[in-house]
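Each chain, letter by letter, is given below.
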Amino acid sequence: MIFTSCDEEGHLLDAGISIELAALRKRQISNLEYHLKLDIPTVKDSAISGEASIKFEADLQSENLILDFNSEEQHVLAVKINGAEIPFEFVDEHIVIDKRHVSEHNELFIEFTAGDLSLNRKDNYLYTLFVPDRAATCFPLFDQPDLKAKYSLELIIPSHWKAVANSRTVVEKQVNNKLLYKFEQTLPISSYLFAFAAGEFKVETVSLNGQETRLYHRETDSLKVVNNLEAIFDWHFKSQQWLEKYTDIDYAFKKLDYVLLPAFQYNGMEHPGAIFYKASSLFLDENASDVQKLNRARLIAHEVAHMWFGNLVTMKWFDDVWLKEVFANFMAAKIIAPSFPDINHELQFVLSHYPKAYEVDRSMGTHPISQELNNLKNAGSLYGNIIYQKAPIVMYKLERIMGQEAFQKGIQTYLKDYSFNNATWNDLISILSEQTNKDLKQWNKEWVEREGMPVIDYKIREQELIFFHHGDTRKFWHQSLDVLVNDSITHSIYFDKHLLSKKTGNISFLLPNSSGLGYGYFKMDSVSAYHYLNSVDSISDPIRRSSIWLNFFEGAIRGDIDKIELLKSMIRNLSKEKEQIILNYLCQRIEILYWQFLSDVQRKNVSPSLEGVLINGIINREEAGARSTMFSALTKVFESEPAWHVLFGIWSGNMELENYNLSEFDRTQLAYQLSIRNEQKADSILNHHQTQISNPDELARFKFVRKSITRSPEERQKFFNSLKKPENRESEEWVLDALRLFNHPLLQKQSISHLEASLTLLEEIKRTGDIFFPKRWLDAIFQGHNSEEAYELVKNFLYRNHTMPQDLKNKLLQSSDLLFRSNNHFTDRNY
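Residues numbered from 1 in each chain as written. Predicted model: local features only at pLDDT ≥ 70, side-chain atom pairs only at ≥ 80, totals over all residues. Heavy atoms only, no water.

(A) Focus on the sheet that holds strand β3 (residues 65-68). Ordered by their spatial adjacency, three strands build an open sheet running β3-β7-β6, and the pairing between neighbours is antiparallel. Strands at the two margins of the open sheet, each flanked by one partner only, are β3 and β6 (89-91). Put simply, the sheet's adjacent strands are angled 30 degrees from each other on average, direction ignored. Where β6 lies against strand β7 (residues 94-97), three bridges are found, and the strand directions are antiparallel. The residue bridging Phe90 from the neighbouring strand is Ile95, located in β7. Sitting on the sheet, helix α1 (residues 19-28) touches β3 and β7, and the angle it makes with β3 is about 120 degrees. (Pairing = 2+ DSSP bridges. Helix = DSSP H or I, 4+ residues; strand = E, 2+ residues; numbered from the N terminus. Axes fitted to C-alpha atoms, helices over the stretch in contact; angles between N-to-C directions. Contact = heavy atoms within 4.5 Å.)

As structure tokens, this is what we get:
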């Protein structure tokens, strides 16, 4: 055994990358360069041979050298340093090299067999996804964000494939019946940002501002490609131009290509020089609504913003991963606003961020924006709606506190001071503090370091309003709040203490948070609630309407507002609501209330009016976006036989909708929903639909997903058992589609027997899946369950598994929150 000293120091050789190991290597290693060579065979299951040449300077002192390689020991075939073959030890995903072999200037050569976990290998293409610590599952390296390095890459691929990576291609030639690609050395980037894709891709090329840009894709519908290309290229170019002006820093990474992948795990991943996207997020259908087009623009702007926020300046450790995500979201909202003048962007901001942030913050699984992280193997658990949705709300508050000009100046200083380097949130907040006299330390403590959301109540005493925070009197959030009294007078209140009062005059009713920008749940008295529940359609200000709906939904699931009355009010307003963004929100909340909180009898009573309003909207609404939204909503909530026949007629082509064409995606989703509700005709519907799918990637997806719809206990068990094998979970989007159908509310009696086994798999899902997969796995399971049996099962599971990792417990508490609330119970951290 050549290695002992690190074992005595605690966590250096823990599986994954511990914070102790990262700190040690940051002291040891500098001037890091990788040259990676991979030989990719045509057959998916054949091994990929690799060579890694790693140049670095070292100052080891008393410690040995530790590299990361999360694969099997036999996959390390040879190790040489400065030309000499040396012994090594393989310990818990690490290659350990005795310090005696390491000098000041080194070239380490490792021959290896590449691991497949992060290579996403399909029959005729593959792509990498190395965030947050998955590069080490493919090849040996120092896999931590603050050891930025320059990467050179050689790929040997099947002769009919194409390849793309972070940097430009410098060699493309035939070698021994295969194709050799060489890519020029990158600028310094973190290991999670290194990326490549190879396979049977089509390539679209344009020249933007003198720079040739390529789009790689596998779409077989040439018309869909043509209809979307201009918008895709244009939004990348506009986003880059805007960011260069805002930051006062030119785009740094020489080229910017895009790779559109079917069933990609995320909507996008910001690899410098080669952004990867889920193809369906950019290739929109011909009847796409303005909101869908805006969402595409926002996604592109988000990923391009990462070229500055995350790529140029990168967090030192993944506990600050929220920092890159908040700025990508925050900047994206600024970038897209001028191009969509007909969209209310303040309304879009509120309904894009607040509902999803509340979903986590109201649960017992919530957590602060800033989180601790001891090991990179747990970094995936940091991702979620708190950093993607709550953090932009908090950053918006910070910009308002500082003023836009001071905020922008601070951001420019931050980016210039830390270009091609790493920084922390504390580094940024120190720079921003120099631009304002406001107390950012206290603001940071309340909004970044504290978990949860305020619950604010009030009492009316004569002509005075007394507001107070629920809970600990020492714990409150500084924020401004507008309160509308008697639909006529707005009072502005600033919460700088737990309890405050405001002289208002006579009060008949009031609307707290009338501007919609306050964060929290704002309780309402019964008179005010009744007034707005019955008059919301008369309010002309869409922000105010959205604030009412948001607060009513929070009140309903907390037991303060009658759920049936709220649902009826929402249904009535579907035909009256002209704002597409609010209409989308109403349809989403109606679906939740309908399936999660109503009994079978209650649904039967509500269903006729709900289906009638939606069908009427599909036929008679003039706005294409509204018709599309209502059609989607109907396919998710219909239960009656007449509605089934209407939708079957539309799906089969026997009934046409004027000026509305179903996309292939629409038809596929409708085939699933029709089949769930008609067991006798399910096979004939699915068999026919299968013959209509022309795209081979989508056909493979459909064949996988349709297995989840069967009602046969034996076939359901067989399908679920197949998901226990990691190789059957590789296409995560397929699995999630299938799980949602498998656990559909109408099938929950059949799926309840698999619920505990689904939860038992959670730790393995985390270990083998990508960063969002554990939470999405749980969401797909729980969206179909509201029974007391399911509640008791989850409660007992939490009790028996009280020692499960806190990050997974939090995800479980978040996803099961509505199940607990629908059974009039709330999760408890004592489980």
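From this point, things continue past the structure.
(B) Highlighting the pairing of strand β10 (residues 149-158). Most of β10 sits inside the fold, with nine of its ten residues counted as buried. Note that strand β1 (residues 29-39) and β10 share eight bridges and pair parallel. The partner of Tyr34 across the bridge, within β10, is Tyr151. In this sheet, strand β13 (residues 178-183) lies alongside β10 in antiparallel orientation, the contact comprising six bridges. Each bridged residue has a counterpart across the sheet, and for Ile157 the counterpart in β13 is Leu179. (Buried < 20%, exposed > 50% of the residue type's maximum accessible area, 1.4 Å probe, protein only.)

(C) Spotlight on the sheet that holds strand β12 (residues 169-175). The strand order across the open sheet formed by eight strands is β5-β4-β8-β2-β1-β10-β13-β12, and the pairing between neighbours is mixed. Strands with a single pairing partner mark the edges of an open sheet, and in this sheet they are β5 (84-85) and β12. Sheet topology places strand β4 (residues 76-81) next to strand β8 (residues 105-113); five bridges connect them, and they run antiparallel. Paired with Val76 across the two strands is Phe112, which belongs to β8. Docked against the sheet, α1 engages β1 and β2 (49-58), running at close to 105 degrees with respect to β1.

(D) Up close: the pairing of strand β23 (residues 464-469). Of all six residues that make up β23, six are buried, and the element is covered over most of its length. When strand β22 (residues 455-461) meets β23, the two strands line up antiparallel, connected through six bridges. Bridge pairing in β23 places Asp457 opposite Phe468. A loop of two residues connects β22 with β23, the two strands running antiparallel in sequence, and Glu462 in this loop sits at a positive phi of about 55 degrees. In terms of strand pairing, β23 meets strand β26 (residues 499-503) through five bridges, oriented antiparallel.

(E) Molecular detail of helix α18 (residues 664-676). The end-to-end C-alpha distance of α18, which contains 13 residues, comes to 19 Å, matching closely the 18 Å that a straight helix rising 1.5 Å per residue would cover. Of the residues making up α18, those classed as buried are Asp666, Thr668, Leu670, Ala671, Tyr672, Gln673, Leu674, Ser675 and Ile676. (Expected span 1.5 Å × (residues − 1).)

(F) Fine view of a negative patch on the surface. Taken together, the side chains of Asp45, Asp123, Glu727 and Glu730 present a region of like negative charge at the surface. Turning to its location among the elements, Asp123 is positioned in the loop between β8 and β9 (125-127). Of the residues examined, Asp123 reaches a relative accessible area of 63% and is grouped as exposed. (Patch = residues over 30% accessible without salt bridge, like charges linked within 9 Å, V, L, I, M, F, W, Y side chains within 5 Å. Areas by Shrake-Rupley, 256 points an atom, 1.4 Å probe, with all protein chains shown as cover. Salt bridge = Lys/Arg side-chain N within 4 Å of Asp/Glu carboxyl O. Lys, Arg positive; Asp, Glu negative; His and termini not counted. Charge placed at Lys NZ, Arg CZ, Asp CG, Glu CD.)

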